[in-house]
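Coordinate inspection notes
Residues per chain, in single letters:
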Amino acid sequence: MIINNLLLMLALWCPAPVSMATLSTQSSEGPAGTPADDGRILQRSKRGWMWNHFFLLEEYTGSDYQYVGKLHSDQDKGDGSVKYVLNGDGAGSLFLIDENSGDIHATKRLDREEKAYYTLRAQAVNKFNNHPLEPESEFIIKIHDINDNEPKFSKETYMATVPEMSDVGTYVLNVTAADADDETYGNSAKLVYSILEGQPYFSVEPETGTIRTALPNMDRENKEKYHVVIQAKDMAGQMGGLSGTTTVNITLTDVNDSPPRFPHSSYHLSTLESAELGSTVGRVKANDPDLGENAEMQYSIVDGEGRDRFDISTDRVTQEGVITVREPLDYETKRVYTLKVEATNTHPDGRFSYLGPFKDMASVRITVQDVDEPPVFSVNPYVIEVHEDKLAGSFIGAVTAQDPDLTNNPIKYSIDRHTDLDRLFNIDSNNGSITTLQNLDREMSKWHNVSVIATEISNRRQVTRVPVFIKVLDVNDNAPEFAMIYETFVCEKVKVGQLIQTISAVDTDDPLIGHKFAFSLSTQNPNFTISDNEDNTARILTKRAGFSRRDQGAYLLPVVISDNDYPIQSSTSTLTVRVCACDSRGNVQSCSAEAYTLSAGLSTGALVAILLCVIILLSECCSAHSLPLFP
Ligand SMILES: *[C@@H]1O[C@H](CO)[C@@H](O)[C@H](O)[C@H]1NC(C)=O
Ligand SMILES: *[C@@H]1O[C@H](CO)[C@@H](O)[C@H](O)[C@H]1NC(C)=O
Ligand SMILES: *[C@@H]1O[C@H](CO)[C@@H](O)[C@H](O)[C@H]1NC(C)=O
Ligand SMILES: *[C@@H]1O[C@H](CO)[C@@H](O)[C@H](O)[C@H]1NC(C)=O
Ligand SMILES: *[C@@H]1O[C@H](CO)[C@@H](O)[C@H](O)[C@H]1NC(C)=O
């Protein structure tokens, strides 16, 4: 039985009796037995430690081999017949055994962090015949830790953020270091954290490495970045322990703890009176040391006599208040305006309301500057109505313009001749009176749209144009007349009261209530009569029967047509009625030739036909033909 002498020695220091266990009956439980003085086990009882472990300190620096321990078999009677044999991890190289004495030595220095224990097997054999004296037994050489590793943080630099103005003790970050030494043995891996740089702003919890804020009211606007150095030290932080450090870069994040503030209490801006609506007068800016949306603000005009003349908007990019023109400005009326402008944080933080309202006010004075302005017409555009019967040279209307500037320069007027090519109008260059140069005719042109120019006499570049729409009003200066040329005939065998023509009339005047024509014959006529249809048409009827071409080839019938406008205009138009031979259905067969000399407006086709007929008549063949006069 192989007995571990080292264990035997340890067992000697044990207070309770220890039984010397054999390699084959090892047990790690139960009360310890007591070894005999000579190292032999007197009682067989269980012990409280792993008896079959050898312990060896790591990192041995001696020049000779490090002694590990001694194996001894109870079969060894000391007569030199027993030989000890070692097998397993490192046997023969790392660990050498003296085959006679059973002493084990380590040949190299060992690193627990590299390999913490070695499993080996030992056996006692007969030196002469190599017969095993007992079965092989396993045992372990355990490398004892020494504090040869310093704590190492998981990162060289940590980055962390924490909101400014955080309460004391606000969690920032956990840092952790690891120590490769044996945690289960001694304090070589027992770490304690401490803060080397970064006080009094931050603290670290010694056991956990939790970094917290340590100062109240830390203001990002004051100091934003902190450089914190944390140390981890083993040996529970005691003297002689090894240490490692890490850097933590802590940035305070912004909260809205600053209201906007105008750097000046009043501002002065100026603008030309001619500034267009919506144009920018100037910009004002309140400062807010916060960042991002915490610095966002909105401007408004809260008071001041100019509040309805100007607008303010917020430039989202620059956070400036942009003042623009809202209503037209006039230097001659008002030269100075004041505004009370307010800047308000868009996202105030209720926690800091004790600092005051998240807004500020400033006054803005705006001076309006004079501009040399062109003349201004009192009306734009002008509409002038004139009756068409106004004689040339008549006054029809006047325009007026004035220089709006304080100097009130005199004005002269003219008509743009490109808009009055026919030179129908004249304007008095001093007083703007417009007169006609020619008679006007509504039936020629209903509108004359001209352009009148006002020029400052002392500064000819100050020019304004105004449209003048001249409307020519109607006067009843035209009589009605036949709407067309009528080619009227009457059949020889006509009856009394036969309709031979319906006539209508036209009038180029344009009465407001429309045309109302009256028709009549200028003289009493025994042959024809007229009947007014009261709808601007009239019917011509026969008054007697029996017309004869041989008696009279054509009749001239003067028809009077009058309108009912004021003054009444009437005209007499003459209708030529030819006498023709007709068939039983009233279709014309032939007409008298003499009528055509009376007729003023026959169509060319009809004339040609008539001429043909005359030629035919002369050769006595005409009577049998019908004329295509009225298809
Ligand atoms: C930081 O460490 C502490 C203590 O170990 C732990 O309770 C906490 O949950 C950790 N916090 C975070 C955010 O990891
Ligand atoms: C941490 O802060 C230090 C000094 O404030 C700086 O030099 C370093 O670059 C920072 N580290 C990182 C990773 O930003
Ligand atoms: C404008 O002046 C002309 C010429 O002096 C004069 O005849 C006319 O009556 C004046 N018109 C008006 C409206 O004053
Ligand atoms: C003149 O102006 C009037 C009113 O604007 C318009 O109805 C008319 O068509 C214009 N005539 C000409 C010839 O431009
Ligand atoms: C009416 O007809 C008769 C017979 O043809 C003629 O003599 C007379 O002049 C005609 N009257 C008028 C007014 O044409």
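In this report, the structure presented in the accompanying data block is examined. Every value quoted in this text rests on a predicted model; they were computed, and no experiment measured them. (Residues numbered from 1 in each chain as written. Chains lettered and ligands numbered in written order. Predicted model: local features only at pLDDT ≥ 70, side-chain atom pairs only at ≥ 80, totals over all residues. Heavy atoms only, no water.)

1. Some details on the sheet that holds strand β14 (residues 202–204)
To keep it simple, the criterion reads: Pairing between two strands requires that DSSP report at least two bridges joining them. Helix and strand assignments follow DSSP, with helices taken as H or I runs no shorter than four residues and strands as E runs no shorter than two, numbered in order from the N terminus. To obtain each axis, a line is fitted to C-alpha atoms, and for helices this fit is confined to the stretch in contact; angles are then taken between N-to-C directions over 0 to 180 degrees.
Strands sit in the order β11-β15-β14 across an open sheet of 3 strands; the sheet is antiparallel. Two strands bound the open sheet, and with one partner strand each, they are β11 (171–174) and β14. Each strand of the sheet is rotated relative to its neighbour by a mean of 25°, with strand direction disregarded.

2. Some remarks on the site of ligand 5
Let me state the cut-off plainly: Any residue with a heavy atom positioned within 4 Å of a molecule or strand is treated as near that molecule or strand. Within 3.5 Å is the distance limit for a polar contact, defined as a pair of N or O atoms, with the added protein rule that one can donate a hydrogen and the other accept it, and that residues adjacent in sequence qualify only through two side-chain atoms. Each accessible area is a Shrake-Rupley result for a 1.4 Å probe, and residues are judged covered by the shown protein chains and nothing else.
Around ligand 5, the surrounding shell consists of Asn525, Pro526, Asn527, Arg544, Gln552 and Tyr555. Asparagine 527 places a polar side-chain atom, nitrogen or oxygen, 2.7 Å from an oxygen atom of ligand 5. With respect to ligand 5, the side chain of glutamine 552 contributes an N or O atom lying 3.2 Å from an oxygen atom. Within the complex, 51% of the 360 Å² of free accessible area of ligand 5 lies under protein.

3. With respect to the sheet that holds strand β23 (residues 336–345)
Backbone-to-backbone hydrogen bonds pair the strands of a sheet. The strands run either parallel or antiparallel. Sheet architecture is open: 4 strands sit in the order β18-β24-β23-β20, paired in mixed fashion. The outermost strands of the open sheet, each flanked by one partner alone, are β18 (266–272) and β20 (297–303). Across the sheet, the mean angle separating the axes of adjacent strands is 30° when strand polarity is ignored. Summarising the sheet, β18 and strand β24 (residues 359–369) pair through 7 bridges and their orientation is parallel. Paired with tyrosine 267 across the two strands is valine 364, which belongs to β24.

4. Points about the site of ligand 3
Close contacts around ligand 3 come from Asp428, Asn431 and Ser433, and that covers them all. In this structure, an oxygen atom belonging to ligand 3 sits 3.3 Å away from a side-chain N or O atom of aspartate 428. A distance of 2.9 Å separates a nitrogen atom of ligand 3 from a polar atom in the side chain of serine 433. Contact with the protein chains removes 30% of the 360 Å² of surface that ligand 3 exposes when unbound.

5. A look at the pairing of strand β32 (residues 447–456)
Spelled out, the test is: Relative accessibility thresholds used throughout: buried, under 20% of the residue-type maximum; exposed, over 50%; partly exposed, between the two (1.4 Å probe, protein chains only).
Within β32, 8 of the 10 residues are buried, leaving the element largely enclosed by the surrounding structure. In this structure, strand β29 (residues 411–415) lies alongside β32, joined through 5 bridges in antiparallel fashion. Within β32, the position partnered with tyrosine 413 by the bridge is alanine 454. Here β32 runs beside strand β33 (residues 459–473); their pairing, made up of 10 bridges, is antiparallel. Looking across to β33, one finds that valine 452 is bridged to valine 466. Here β32 folds back onto β33 in antiparallel fashion, the turn holding 2 residues.

6. Thoughts on the state of the cysteines
Basically, it comes down to this: Any pair of cysteine sulfurs within 2.5 Å is marked as a disulfide.
In total, this model carries 2 disulfides according to the counting rule given. The disulfide partner of cysteine 491 is cysteine 582, and the S-S distance across this bridge is 1.9 Å. The sign of the S-S torsion, about -85°, decides the handedness of the disulfide formed by cysteine 491 and cysteine 582: left-handed. With a gap of 91 residues between them, cysteine 491 in strand β35 (residues 488–491) and cysteine 582 in strand β41 (residues 570–582) connect regions that are remote in the sequence. Each member of the pair, cysteine 491 as well as cysteine 582, carries the same accessibility label: buried.

7. A closer look at the packing of aromatic side chains
Aromatic ring pairs are described here by two measures, namely the spacing of the ring centres and the angle between the planes. For the record, the criterion: Working definition: a ring pair exists when centres of Phe, Tyr or Trp rings (six-membered ring for Trp) sit within 6.5 Å. Plane angles under 30 degrees give stacked, over 60 give edge-to-face, the rest tilted.
The full count for this structure, using the stated rule, is 13 aromatic pairs. Ring centres of phenylalanine 262 and tyrosine 299 lie 6.2 Å apart, and the angle between their planes is 55°; this geometry places the pair in the tilted category. Here the residue phenylalanine 262 occupies a position in the loop between β17 (243–253) and β18, and tyrosine 299 occupies one in strand β20, the gap between them amounting to 37 residues. Taken individually, phenylalanine 262 and tyrosine 299 each receive the classification buried, so the pair is uniform in this respect. Their ring planes at 15° and their centres at 5.4 Å tell us that phenylalanine 528 and phenylalanine 547 sit as a pair that is stacked.

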